[in-house]
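# Structure at a glance
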Amino acid sequence: MRLSEKYKDQIADILSRYPVRRSALLPLLCLAQQEEGYVSEAAMKEIAGILKLTPPQVYETVTFYTMLNLKPVGKFHIQVCKSLMCALVGSDTLLGWLRAKLGIKPGETTPDRMFTLSTVECLAACGAGPMMQINDDYYEKLTEEKVDRILADLKRDGTSPLKSGPFMLPEPVNSKG
Amino acid sequence: MAKHELILLKNMTSPGYTGSLADYERAGGYQALRKTLGKIAPADVTAIVVKSGLRGRGGAGFPTGIKWGFLPKDYQGPRYLCCNADESEPGTFKDRQLIERDPHQVIEGILLACYAIGAETAYIYIRGEFALGAAILERALSEAGAAGYIGRNILGTGVNIDVWIHRGAGAYICGEETALLESLEGKRGLPRVKPPFPATHGLYGKPTVVNNVETLANLPHILNRGAEWFASIGSPPKSTGTRIFCVSGHVRRPGNYEVPMGITFRELIFEHAGGMRSDKSLKAFIPGGASAPFLTPDHLDVKMDFESVAQAGSMLGSGGVTVMEEGTSMVWATLRLMEFFYHESCGKCTPCREGSSWLVQTMRRILAKRGRREDLETLTDLCQNIAGRTVCAFGDAEVAPVMSTLKYWRHEYEDLIREAESLGLSGVPELVLPAGRY
């Protein structure tokens, strides 16, 4: 279904927040990605129409932002932070576990289209590394056991209780680690 | 360890605090807004913030009240406030905690700043990856709206302020204030040439202030307790108040520590953060996020205020302190940061776009034991041709790690090159993965 039909109210609400239509571009691209898992050519053309932009104006913006996918990804997009702060505490090892467990390299998707693996730069979790983001959720202070549990949880339930809640570090003394 | 009063992290460290509107109000929240709106003239609010000595907590450390003062006084059209929540500087994770644990403190700060500069619209530009933070803020904004703190005729004072969340989509450069504005306008996040400054030509070409999350979170406290109180904390007159330092790397207790500015790195790392995680000693630390030059154990007694760190040849930047233990390869550490900067260079300026690629390639060659003697000269030459030759400070940031590690740990580069020579591999092309996202 076209975005402008399915998200009619939401699009009107987004547009009302800005005095200039083009400002709604990133929010609308987010909607498109939420709908299909990536930003398709059809969506870009439709958004260009809504915002009175040319398709190249939309495309040039999409290609600038790393969170916008230009091709489909798996049901779960695993993004491992490889920046220095996470690397100091073992992000290369974490990536090694994921490669072995999923049988894919960064940039690839499992044949069942369940998981896509990527490496990314800093996700602002530096004190709680090594870490990964899966779709909208952060998973921090990872160990091999935790990674196993998270992957099993996601396959079985589509979510995992090991995801991070509101960030607090160092954790309060009485909370569990 | 001396006991310091927590200001910004106080609420969230009290047991049972959820960050809800009810919790925030119970802790004295929105009192500053009640005391200020319609009771203190906007110009006087700015004067109070100037007097407090508050400086921006995002990286550059510019005095906040002075920045507000640059807005044209007689301009009749709209003005904007942008809360910079695009926290992406490697080593920094404080704004995330402020947003997720005490969102109303940030919102109250935003409202006070809007009032002071006469803005009726504020945008919170939050990095796209912070989905949880955006959801928490969204909920907090609707709570605050329902309670009459946001919207039309706030608290019956006739003041109107709307606050909207705008999510980014994964680009470090959008934390740079003019790139943030471009991105908010729906374009690629390319920094603008300054001048003109956002104060006169900002969002949609209108007068605009861009302030960091932590900067704004300080405002309710300054308005509640007075400029003199704030100015007496820390290392007056130029580094007043507390700062949240984010400690990461090889320490026992990484995390966010709010301390008065002016304590030493030794105290932060060895007392607050529990010291080194193993029996290895400290080899190097980054004092203020990936853009700040590395420092050595000789700098542990440097005071953590803007001036002292600058004197030591680095900067407090975004407040991210990363600690590395003995045994860490400085060439490897520098390469990791170079890969970050290469990936995140927006591509607008040739020295940064091309230079960051050359830095990565040269560093990779050295680390892969294929280095050549002239590589060190090439690195220095590259750095000198990037720094100061770009539209924004990104160019200076990306050369900082290279220049500082070449200064303090040059022998590590030389050892790797000597090894390449003894293996007969110096200058032999190595097989490397393509740079960037892999």
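Nothing here was measured: the structure is a model prediction, and the numbers come from that model.

### Details of the overall build of chain B
Each helix and strand in chain B was counted, giving 18 helices and 11 strands. Relative to the globule expectation of 22 Å for 438 residues, the C-alpha radius of gyration of chain B, 23 Å, shows essentially globular dimensions. With respect to the three principal axes, the spread of C-alpha positions in chain B is 80 × 50 × 35 Å. Of all 438 residues assigned to chain B, the portion counted as buried reaches 61%. For chain B, the accessible area works out to roughly 15900 Å², and carbon and sulfur atoms hold 54% of it. The distance from the centre of the 48 positive side-chain charges to the centre of the 48 negative ones in chain B is 2 Å.

### Re the layout of surface pockets
Considering only enclosed or pocket space, the largest pocket measures out at about 1200 Å³ in volume. Every residue lining the largest pocket is counted, 45 residues in all, and those nearest its centre are B:Gly58, B:Gly59, B:Ala60, B:Gly175 and B:Glu176. It is strand β5 (residues 208–212) of chain B that provides the largest number of residues to the lining of the largest pocket, a total of five residues. Per-class residue counts for the lining of the largest pocket are 17 nonpolar, 17 polar and 11 charged. Estimated volume of the second largest pocket: approximately 1000 Å³. As for the second largest pocket, its lining consists of 36 residues, and the residues nearest its centre are A:Cys30, A:Leu31, A:Gln34, A:Asp136 and B:Arg167. Broken down by secondary-structure element, the contributors of at least two residues to the lining of the second largest pocket are α2 (8–16), α3 (25–36) and β1 (76–81) of chain A together with α8 (131–146) and β4 (159–167) of chain B. Looking at the lining of the second largest pocket element by element, the count peaks at six residues for α3(A). Of the residues assigned to the lining of the second largest pocket, the class counts are 14 nonpolar, 14 polar and eight charged.

### Section: the interface of chain B and chain A
The interface of chain B with chain A comprises 68 residues on the first partner and 46 residues on the second. Of the roughly 4900 Å² buried between chain B and chain A on both sides combined, carbon and sulfur atoms contribute 59%. Together, B:Arg96, B:Arg188 and B:Arg336 form the three largest contributors to the area buried by chain B at its contact with chain A, with a combined 14%. In this structure, the connection of chain B to chain A is made through three salt bridges. The shortest N-O distance in the salt bridge between B:Glu339 and A:Lys82 comes to 3.2 Å. With eight residues, the top contributor of residues to the side of chain B that touches chain A is helix α14 (residues 330–344) of chain B. Tallied by class, residues from the side of chain B that touches chain A come to 31 nonpolar, 20 polar and 17 charged.

### Observations regarding the state of the cysteines
Residue and element names in this part refer to chain B. This structure, assessed with the given rule, holds zero disulfides over all chains. Cysteine 346 carries a free sulfur, and the closest cysteine sulfur to it, the one in cysteine 349, is 6.2 Å from it. Among the residues examined, cysteine 346 registers a relative accessible area of 15% and is labelled buried. Its sulfur unpaired, cysteine 392 is 6.4 Å from the next cysteine sulfur, which belongs to cysteine 346.

### Things to note about unusual backbone geometry
Here the residue pair A:Gly129 and A:Pro130 is connected by a cis peptide bond, since its omega of -5 degrees sits within 30 degrees of zero. Tracing the backbone through its elements, the reader meets A:Pro130 in the loop between β2 (115–120) and β3 (132–134). Residue B:Pro196 is bonded to the preceding B:Pro195 through a cis peptide linkage, with omega at 5 degrees. Looking at where B:Pro196 falls in the secondary structure, it is placed in the loop between α9 (177–184) and β5. Positive phi is not limited to glycine here, since A:Asn135 has a value of about 50 degrees. Within the secondary structure, A:Asn135 is located in the loop between β3 and β4 (137–139).

### Considerations on the confidence of the model for chain B
Chain-level pLDDT for chain B is 95 on average; 97% of the residues reach the 70-or-more range. In the model output, the complex is listed with pTM 0.96 alongside ipTM 0.96.

### Some details on empty space enclosed by the protein
Scanning all chains against the criterion turns up three cavities of 30 Å³ or more. Taken together, 21 residues line the largest cavity, and the ones lying closest to its centre are A:Thr66, B:Arg127, B:Glu129, B:Gly170 and B:Glu344. The biggest single contributor to the lining of the largest cavity is α14(B), with three residues. Taken together, the residues of the lining of the largest cavity break down into eight nonpolar, seven polar and six charged.

### Here we look at the sheet that holds β4(B)
All names here are of chain B. What the five strands build is an open sheet, ordered β3-β4-β2-β1-β5; its pairing is mixed. The strands lining the two open edges of the sheet, one partner per strand, are β3 (151–154) and β5. Here the strands of the sheet are splayed against their neighbours by 25 degrees on average, with no regard to which way each runs. Contacts between helix α10 (residues 213–225) and the sheet are confined to β1 (80–85) and β5, with β5 contributing the most and set at about 90 degrees to the helix.

Cut-offs and rules
- Residues numbered from 1 in each chain as written.
- Chains lettered and ligands numbered in written order.
- Predicted model: local features only at pLDDT ≥ 70, side-chain atom pairs only at ≥ 80, totals over all residues.
- Heavy atoms only, no water.
- Helix = DSSP H or I, 4+ residues; strand = E, 2+ residues; numbered from the N terminus.
- Rg over C-alpha atoms; globule rule 2.2 N^0.38 Å.
- Buried < 20%, exposed > 50% of the residue type's maximum accessible area, 1.4 Å probe, protein only.
- Areas by Shrake-Rupley, 256 points an atom, 1.4 Å probe, with all protein chains shown as cover.
- Lys, Arg positive; Asp, Glu negative; His and termini not counted.
- Charge placed at Lys NZ, Arg CZ, Asp CG, Glu CD.
- 1 Å grid on protein atoms, 1.4 Å probe; cavity = no way out; pocket = protein on both sides within 12 Å on 5 of 7 lines; lining within 4 Å.
- Points joined across faces, edges and corners; volume = space filled by probe spheres on them.
- Nonpolar A, V, L, I, M, F, W, Y, C, P; charged D, E, K, R; others polar.
- Contact = heavy atoms within 4.5 Å.
- Buried area = accessible area lost by both parts, 1.4 Å probe.
- Salt bridge = Lys/Arg side-chain N within 4 Å of Asp/Glu carboxyl O.
- Disulfide = S-S within 2.5 Å.
- pLDDT = per-residue confidence, 0-100.
- Pairing = 2+ DSSP bridges.
- Axes fitted to C-alpha atoms, helices over the stretch in contact; angles between N-to-C directions.

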